[in-house]
Every structure is written in C-alpha cells, then in structure tokens.
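# Architecture and fold: a report
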Amino acid sequence: MKNTSINVLMVCLGNICRSPLAEGILKSKLDSKKYNIDSAGTANYHQGKSPDPRSVAVAKKNGIDISKQKAQQFKTKHFEMFDFIFVMDLENYHNVLELATSEADRRKVRLILNEFFPNDDAEVPDPYYGGDAGFDHVYSLLESACQKIANRI
C-alpha cells in the first residue's frame, strides 16, 4: 500500500460489480498522492478476477478504466489498513462488522449511500443478475455518493 494520508476501502459482496465501480469513481475524483482507494468483497467467490465486463463497460463509458482491478476478499487486516470502509448494502455492512475487533473498527464502516441520503440506510442494488440499465443506475448512485465523499475527505 502507498504511504498516503487517507485510505478508503469500498466493499460489496463479490468485488466485481459495485465496489470496483466505487473504487474507480472515487479514484477519479481524488489525488492519488494523497489518497489510497481500494475495494474488496465480503465473499471469496471471485478472488483474483477482474471486474464484471458490464462494470468495466459502464466505467469506460464514463471515462474511467477499472479493467486492471482484481477482486480480493475483505479481511480483519483491512481495519488496520483503511481509515474509511464504505459498504454497498446492509448485508455487507453486517458482514464487515462481524469481523471488527474494536469500537474503532466499527466506526470506520459506513453505508456508502448514507453519504448522499443521510441516515436512510439506502442500499446500492446489486446489478449482477440484471441488464445494462442496472449498471448505469448503480454508476449514477455511486457517482453521487463518491462526489460527497471526495468533497468531505
């Protein structure tokens, strides 16, 4: 990991659809010398694999290249490595919190859409089983949330 001042992790289920998009979007908004942004999944289904081609396509359509990302599974060590951990839905939220070993760990975990819709606990829908329109919708949600995050941190 780079020696940076702020480290942000995006988390979804498999780390091939939503969190790679969130990683790419936030990276496009922040200086890579000051911020380290990464992503992970709570499940180990896709470790080492590239993002879903539909995520790659919607990112590319919006001027962002996420094709070189590789899926990894969220581990307890990530609490030490990251200052902020943004999760896509309540299941991810609870799965990540189960691995927390302290109150400080738990305070790092946030639902990403609460950045844009405070305290609504809104979820980023998983577009995996849908069509291209679902990926466009997810991109739009994450774009809004990541802009708020970039403005705040």
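First things first, this report covers the structure right here in the doc.

### Looking at the packing of helix 1 (residues 18-29) against helix 6 (residues 132-152)
Packed helix pairs are characterised by how far apart their axes lie and by the angle those axes make with each other. The N-to-C vectors of helix 1 and helix 6 enclose an angle of 45°; their axes lie 9 Å apart at closest approach. By the angle between their axes, helix 1 is oblique relative to helix 6. Note on packing geometry: the crossing formed by helix 1 with helix 6 is right-handed. Taking contact as the criterion, the partners of Arg18, Leu21, Ala22, Ile25, Leu26 and Lys29 in helix 1 are, on helix 6, Val138, Tyr139, Leu142, Glu143, Cys146, Gln147, Ile149 and Ala150. Taken together, the residues of the contact of helix 1 with helix 6 break down into 10 nonpolar, one polar and three charged.

### Considering the nonpolar core
Side chains that are nonpolar tend, in soluble globular proteins, to be buried together. By size, the foremost hydrophobic cluster in this structure holds 35 residues, and its most contacted members are Val8, Met10, Leu26, Ile112 and Leu142. The leading source of residues in this core is helix 6, at nine residues. Counting 13 residues, the second-largest nonpolar core is a separate cluster that includes Leu9, Phe74, Ile85 and Ala100.

### Brief notes about the pairing of strand 3 (residues 84-87)
Going residue by residue along strand 3, you find Phe84 and Phe86 tucked away on one face and Ile85 and Val87 tucked away on the opposite face as well. Summarising the sheet, strand 1 (residues 6-12) and strand 3 pair through four bridges and their orientation is parallel. Within strand 3, the residue paired with Leu9 across the bridge is Ile85. Two strands pair when backbone bridges link them, and strand 3 and strand 4 (residues 109-111) are joined in this way by three bridges, in the parallel orientation. Within strand 4, the residue paired with Ile85 across the bridge is Val109.

### Observations concerning the packing of aromatic side chains
This model, assessed by the stated rule, comprises four aromatic pairs. Relative to Phe86, the ring of Phe84 lies with its centre 6.1 Å away and its plane at 10°, an arrangement referred to as stacked. Each member of the pair Phe84 and Phe86 is classed as buried. Note on Tyr128 and Tyr129: the rings are 4.8 Å apart at their centroids and 90° apart in plane angle, and the pair reads as edge-to-face. Taking the relative accessible area as the measure of exposure, Tyr129 reaches 79% and is therefore exposed. Taking the ring centre of Tyr128 as reference, the NZ or CZ of Arg54 above it sits at 5.6 Å.

Analysis parameters
- Residues numbered from 1 in each chain as written.
- Predicted model: local features only at pLDDT ≥ 70, side-chain atom pairs only at ≥ 80, totals over all residues.
- Heavy atoms only, no water.
- Axes fitted to C-alpha atoms, helices over the stretch in contact; angles between N-to-C directions.
- Helix = DSSP H or I, 4+ residues; strand = E, 2+ residues; numbered from the N terminus.
- Parallel < 35°, antiparallel > 145°, perpendicular 65-115°, else oblique.
- Left-handed = near helix turned anticlockwise from the far one by under 90°.
- Contact = heavy atoms within 4.5 Å.
- Nonpolar A, V, L, I, M, F, W, Y, C, P; charged D, E, K, R; others polar.
- Core = buried A, V, L, I, M, F, W, Y, C linked by side-chain atoms within 4.5 Å.
- Buried < 20%, exposed > 50% of the residue type's maximum accessible area, 1.4 Å probe, protein only.
- Pairing = 2+ DSSP bridges.
- Phe/Tyr/Trp six-rings, centres within 6.5 Å; stacked < 30°, edge-to-face > 60°.
- Lys NZ or Arg CZ within 6 Å of the ring centre and 35° of its normal.

Don't take any of this as a statement about function, it's just geometry.
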